[in-house]
Amino acid sequence: MKRLGILAVVLLFLSASAPNVTQAQSPAWQHQIYFNSGPQFVTGEFSDAYKTGLAIDGGYYYRASDTFFIGIAGGYHQFVGENGAPDVDIIPVHLAAKYNFSLTGIQPYIGLEGGPSFVDSGESETRYGVSPRLGVRIPLSRGFDLDLNVKYNVVVDDGDNFTYVGLNGGPAYIPDRQRLR
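As the structure is a computational prediction, the values presented were derived from the model and not from experiment.

**Some words on the environment of Gly81**
Turning to step 1, where the next piece is worked out: Looking at the secondary structure, you find Gly81 in the loop between β3 (68-79) and β4 (88-100).
Turning to step 2, where the next piece is worked out: Its relative accessible area of 18% is what places Gly81 among the buried residues.
Turning to step 3, where the next piece is worked out: If near-sequence neighbours (up to four positions away) are discounted, Gly81 is found in contact with Ala49, Tyr50, Pro86 and Asp87.

**Topic: the side chain of Lys98**
Turning to step 1, where the next piece is worked out: The topology assignment puts Lys98 in strand β4.
Turning to step 2, where the next piece is worked out: This buried residue, Lys98, is left without a salt bridge; Asp147 holds the nearest opposite charge, at 6.1 Å.
Turning to step 3, where the next piece is worked out: Side-chain polar atoms of Lys98 contact the side chain of Gln32, separated by 2.9 Å.
Turning to step 4, where the next piece is worked out: Beyond its immediate chain neighbours, meaning those up to four positions away, Lys98 contacts Gln32, Tyr61, Thr67, Phe68, Phe69, Tyr109, Ile110, Gly111 and Arg137.

**Observations regarding the sheet that holds β3**
Turning to step 1, where the next piece is worked out: In space, the 8 strands of this closed barrel follow the order β1-β2-β3-β4-β5-β6-β7-β8, with antiparallel pairing throughout. Direction aside, neighbouring strands of the sheet carry axes that sit 25° apart on average.
Turning to step 2, where the next piece is worked out: As paired elements, strand β1 (residues 31-43) and strand β8 (residues 162-173) share 7 bridges and run antiparallel to each other. The partner of Val42 across the bridge, within β8, is Tyr164.

Cut-offs and rules
Residues numbered from 1 in each chain as written. Predicted model: local features only at pLDDT ≥ 70, side-chain atom pairs only at ≥ 80, totals over all residues. Heavy atoms only, no water. Helix = DSSP H or I, 4+ residues; strand = E, 2+ residues; numbered from the N terminus. Buried < 20%, exposed > 50% of the residue type's maximum accessible area, 1.4 Å probe, protein only. Contact = heavy atoms within 4.5 Å. Lys, Arg positive; Asp, Glu negative; His and termini not counted. Salt bridge = Lys/Arg side-chain N within 4 Å of Asp/Glu carboxyl O. Polar contact = N/O pair within 3.5 Å; in protein donor to acceptor, adjacent residues only side chain to side chain. Pairing = 2+ DSSP bridges. Axes fitted to C-alpha atoms, helices over the stretch in contact; angles between N-to-C directions.

As structure tokens, this is what we get:
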């Protein structure tokens, strides 16, 4: 939890020191859709009981201000148990927010997702999950970007939290590309 607090302070400092973006520099688009996939590395107490997992995520963002986005994110994360541990399937359905440091060219960003995570490890349970993310979007063509990110996932449990780090990548699309400048 101390590391998460330090990460939050660093991210707050970075967002406060980011240059101002004027309206003239802002693109006209408002919507973003993304799909990510990648390996998920279990950390903490459960790292010996589970192999590297795989995640498939998708989401939608609406640009609420020049550089701040809100949206919804979901996915399917699967982990295979070792040494008698049951397999774990996690389906997060989260509200999401992100801050882009730039809206044109290469776009670094920070984000946070949180909400219910449906966990199945032999028994189906609903837990709370939170996922800070650090990423970059690289333009490929008009309206299409490559979204690369690192996401630290925490599924809160009464005793020990199930935590894992995801290295994700995939396409991002701007549906209103005819309005791009």
